[in-house]
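Letter by letter, the chains look like this.
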Amino acid sequence: MKSKVLIVFAQDGKKKADNIVSKLRENQFDCTYETSSMQDIGVAVVVMTKGIDSDATAIKVSNYCDKNQIALIPFVSEKQGKSLTADYFLNNHLWIDNIEVPLNDSVEDLVDLMKNNFGILVTKGGKKIDKLTQQKQSLAKNISKSKASSSATSSNIWKALTYIFGFIIVILVAVIALSQDHIDQQLQQATASGSQLPEQKLSTTLRTSENPFVGHWVMVEYSDNQYRPTKDDSLQLQQSVAQMIGRCQMVFNQDKTFSRIGFAANPEKGTWEYDPSSAYLKLMPTGGKQYDVVQIQEIKNDKMILVVSEKVDNSDIITKITFKRQN
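Residues numbered from 1 in each chain as written. Predicted model: local features only at pLDDT ≥ 70, side-chain atom pairs only at ≥ 80, totals over all residues. Heavy atoms only, no water.

1. Some points on the overall build of the chain
- When helices and strands are tallied, the chain shows 10 helices and 13 strands.
- With 327 residues in all, the chain has 50% of them scored as buried.
- When the accessible area of the chain is evaluated, it comes to approximately 15800 Å², of which 47% is carbon and sulfur surface. (Helix = DSSP H or I, 4+ residues; strand = E, 2+ residues; numbered from the N terminus. Buried < 20%, exposed > 50% of the residue type's maximum accessible area, 1.4 Å probe, protein only. Areas by Shrake-Rupley, 256 points an atom, 1.4 Å probe, with all protein chains shown as cover.)

2. As for the pairing of strand 11 (residues 292-299)
- As paired elements, strand 10 (residues 280-285) and strand 11 share four bridges and run antiparallel to each other. Within strand 11, the position partnered with Tyr 280 by the bridge is Gln 295.
- Counting the residues that bridge the hairpin from strand 10 to strand 11 gives six residues, and of these Gly 287 lies at a positive phi of roughly 85 degrees. (Pairing = 2+ DSSP bridges.)

3. Regarding the pairing of strand 7 (residues 249-252)
- Residues of strand 7 alternate between two faces, with Gln 249 and Val 251 on one and Met 250 and Phe 252 on the opposite face, all of them buried.
- Judged from the four bridges that link them, strand 7 and strand 8 (residues 257-261) form a sheet pairing that is antiparallel. Looking at strand 8, one finds that Gln 249 is bridged to Ile 261.

4. Observations regarding the packing of aromatic side chains
- A full pass over the atoms with the stated rule returns six aromatic pairs.
- On the basis of an interplanar angle of 80 degrees and a centroid distance of 5.4 Å, the ring pair of Phe 9 and Tyr 33 is categorised as edge-to-face. Here Phe 9, found in strand 1 (residues 4-9), pairs with Tyr 33, found in the loop between strand 2 (30-32) and strand 3 (41-48); they are 24 residues apart in sequence, far enough to count as distant.
- The partly exposed category is assigned to Tyr 33, whose relative accessible area is 34%. (Phe/Tyr/Trp six-rings, centres within 6.5 Å; stacked < 30°, edge-to-face > 60°.)

5. As for the pattern of salt bridges
- Tallied over the entire structure, the rule returns eight salt bridges.
- Ionic pairing is found between Lys 256 and Glu 210, a salt bridge with its closest N-O pair at 3.5 Å. Here Lys 256, found in the loop between strand 7 and strand 8, pairs with Glu 210, found in the loop between helix 9 (180-190) and strand 6 (215-224); they are 46 residues apart in sequence, far enough to count as distant.
- Taking the relative accessible area as the measure of exposure, Glu 210 reaches 0% and is therefore buried. (Salt bridge = Lys/Arg side-chain N within 4 Å of Asp/Glu carboxyl O.)

6. A closer look at unusual backbone geometry
- The residue Lys 256 is not glycine, and still its phi comes out positive at about 70 degrees.
- Positive phi is not limited to glycine here, since Ala 279 has a value of about 65 degrees.
- Along the chain, Ala 279 falls in the loop between strand 9 (268-275) and strand 10.

7. Things to note about a nonpolar patch on the surface
- A grouping of Tyr 280, Tyr 291 and Val 293 is seen on the molecular surface, where their side chains present a nonpolar patch of about 250 Å² in accessible area.
- Its relative accessible area of 36% is what places Tyr 280 among the partly exposed residues. (Patch = residues over 30% accessible without salt bridge, like charges linked within 9 Å, V, L, I, M, F, W, Y side chains within 5 Å.)

8. Thoughts on the sheet that holds strand 5 (residues 96-97)
- Reading across from one edge, 2-1-3-4-5 is the order of the five strands in this open sheet, with parallel pairing throughout. Of all strands in the sheet, those with a lone pairing partner are strand 2 and strand 5, marking the two edges.
- Note that strand 1 and strand 2 share three bridges and pair parallel. Residue pairing across strands places Lys 4 opposite Asp 30, the latter belonging to strand 2.
- Strands strand 1, strand 2, strand 3 and strand 4 (71-76) of the sheet are contacted by helix 1 (residues 14-26), whose axis makes an angle of about 165 degrees with strand 1.
- Sitting on the sheet, helix 2 (residues 56-68) is in contact with strand 1, strand 3 and strand 4, with an inclination near 140 degrees to strand 1. (Contact = heavy atoms within 4.5 Å. Axes fitted to C-alpha atoms, helices over the stretch in contact; angles between N-to-C directions.)

Any link to function would need more than the numbers given here.
Structure, rendered in structure tokens:
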């Protein structure tokens, strides 16, 4: 069995990396900083400071670990901005909190995780798999004290979607009960003329930066960095996302009206515009009194990614939803 523990850090994380190595070696773990040869690496620990996002070594190690199914444990020491690197580390792996938890306690959490689960980490690759989560529940309970408390997974997803799209969503059962025929009827209604919409204080001229939005978009992916410590939470997340994929849809029209379907029993309409300087998409639902504002991380001919940040129990929750253009 591969036995070495690789410690990865950016320059601003060296002191914490040294602290981790010292403690792991006290507990008989063979640690190394060397990345030239990783054949004997069983687990990699990445010290996540602000500098890690652009660190070439961290990117190299993450690619190697993903390709070779090597366990990777993010040791999160500073709040992370919106980036694909942060999404990869926080959404796909079990991670240790050192933002709100003192360093010594966080290192002890890491040591406990390694001592109790090293064999599983090495053989299973360290992803958020149910078996590993189940076997480390006692440790997860300690770690979760310093993190936002998790409510039901589906409720968290719908809360994020409600925040993003600014309207009350009916219970998940009602959404899943929508037949495809019903969705097709909604789509036909949604793409009808927007002349019945009340006048809104938005520009009516379609600018060059807004052209890519026009069309029919279907949700294909959802992710967030909400901590979910139990097997049931992880399983419910997977089930809820699978049920929403393809059913949650948005239509942006040339006349600056929009519709969203699949979220509630009936489609909702409104008006929209895009601010390219801030990358904010502004939505004004019919009858609404204020804009719903989301940030566009990416907009291409066939893909659109919406990102929103919110505070939940003093934790920064980042939600990302990807849509694909429907031909």
